[in-house]
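These are the residues of each chain, in order.
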Amino acid sequence: MDVNFVVIAVRLGAGALAAVFAIAAWARTRDAPWLFVTLGILASFTEIIWNILQLLGITVPFGHLSVVPFMQTVLYVLSSCFFISACIALLLKKTRV
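Residues numbered from 1 in each chain as written. Predicted model: local features only at pLDDT ≥ 70, side-chain atom pairs only at ≥ 80, totals over all residues. Heavy atoms only, no water.

**Some remarks on the packing of helix H2 (residues 32–56) against helix H3 (residues 70–95)**
Stage number 1. The contact between H2 and H3 brings their axes to 8 Å, and the two run at 165 degrees. Taken together, the axis directions place H2 and H3 in an arrangement best described as roughly antiparallel. By crossing handedness, the relation of H2 to H3 is classed as left-handed.
Stage number 2. Split into classes, the residues belonging to the contact of H2 with H3 amount to 16 nonpolar, eight polar and one charged. (Axes fitted to C-alpha atoms, helices over the stretch in contact; angles between N-to-C directions. Helix = DSSP H or I, 4+ residues; strand = E, 2+ residues; numbered from the N terminus. Parallel < 35°, antiparallel > 145°, perpendicular 65-115°, else oblique. Left-handed = near helix turned anticlockwise from the far one by under 90°. Nonpolar A, V, L, I, M, F, W, Y, C, P; charged D, E, K, R; others polar.)

Shown next as structure tokens:
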């Protein structure tokens, strides 16, 4: 069995589980911090799928910022922005008591 296939399968499985549990947690709490955590996990899962499609050669180049691939950069930064937003929303929620 190819090592790349195992890595792809593990990344897809872990990302899918994280996405399902994040959606379930947000559905129970309906808090803004959990919404941003869920969006961050979904953006991370989308990045995993995009990278796998690139490895398989299925994607079409979506543009470049000089040398850096545009879509890959946006997806990578987007998940971090959602996690930062979750932390800020949690801090604001705790200070407004």
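**As for the side chain of Asn51**
Stage number 1. With respect to the element layout, Asn51 can be found in helix H2.
Stage number 2. According to the relative accessible area criterion, Asn51 is buried, its value standing at 12%. (Buried < 20%, exposed > 50% of the residue type's maximum accessible area, 1.4 Å probe, protein only.)

**Concerning the pattern of salt bridges**
Stage number 1. According to the stated counting rule, one finds one salt bridge in the structure shown.
Stage number 2. For the salt bridge of Asp31 with Lys93, the shortest nitrogen-to-oxygen distance reads 2.9 Å. Here Asp31 is found in the loop between helix H1 (3–29) and H2, whereas its partner Lys93 is found in helix H3, with 62 residues between them in sequence.
Stage number 3. On the accessibility criterion, Asp31 (26% relative accessible area) is partly exposed.
Stage number 4. We classify Lys93 as partly exposed; its relative accessible area is 40%. (Salt bridge = Lys/Arg side-chain N within 4 Å of Asp/Glu carboxyl O.)

**Considerations on the packing of aromatic side chains**
Stage number 1. If you walk through the whole model with that rule in mind, you get zero aromatic pairs.
Stage number 2. The ring of Trp26 has Arg30 lying over it, and the distance from NZ or CZ to the ring centre is 4.8 Å. (Phe/Tyr/Trp six-rings, centres within 6.5 Å; stacked < 30°, edge-to-face > 60°. Lys NZ or Arg CZ within 6 Å of the ring centre and 35° of its normal.)

**Considerations on the packing of H1 against H2**
Stage number 1. Following both chains from N to C, one finds H1 and H2 inclined at 160 degrees, their axes separated by 9 Å at the closest point. The angle between H1 and H2 places the two elements in the roughly antiparallel class. Both H1 and H2 take part in a crossing whose hand is left-handed. Mapping the contact onto sequence places Ile8, Arg11, Leu12, Gly15, Ala16, Ala18, Ala19, Ala22, Ile23, Ala25, Trp26 and Thr29 in H1 and Trp34, Leu35, Thr38, Ile41, Leu42, Phe45, Ile48, Ile49, Asn51, Ile52 and Leu55 in H2.
Stage number 2. Within the contact of H1 with H2, the residues separate by chemical class into 18 nonpolar, four polar and one charged. (Contact = heavy atoms within 4.5 Å.)

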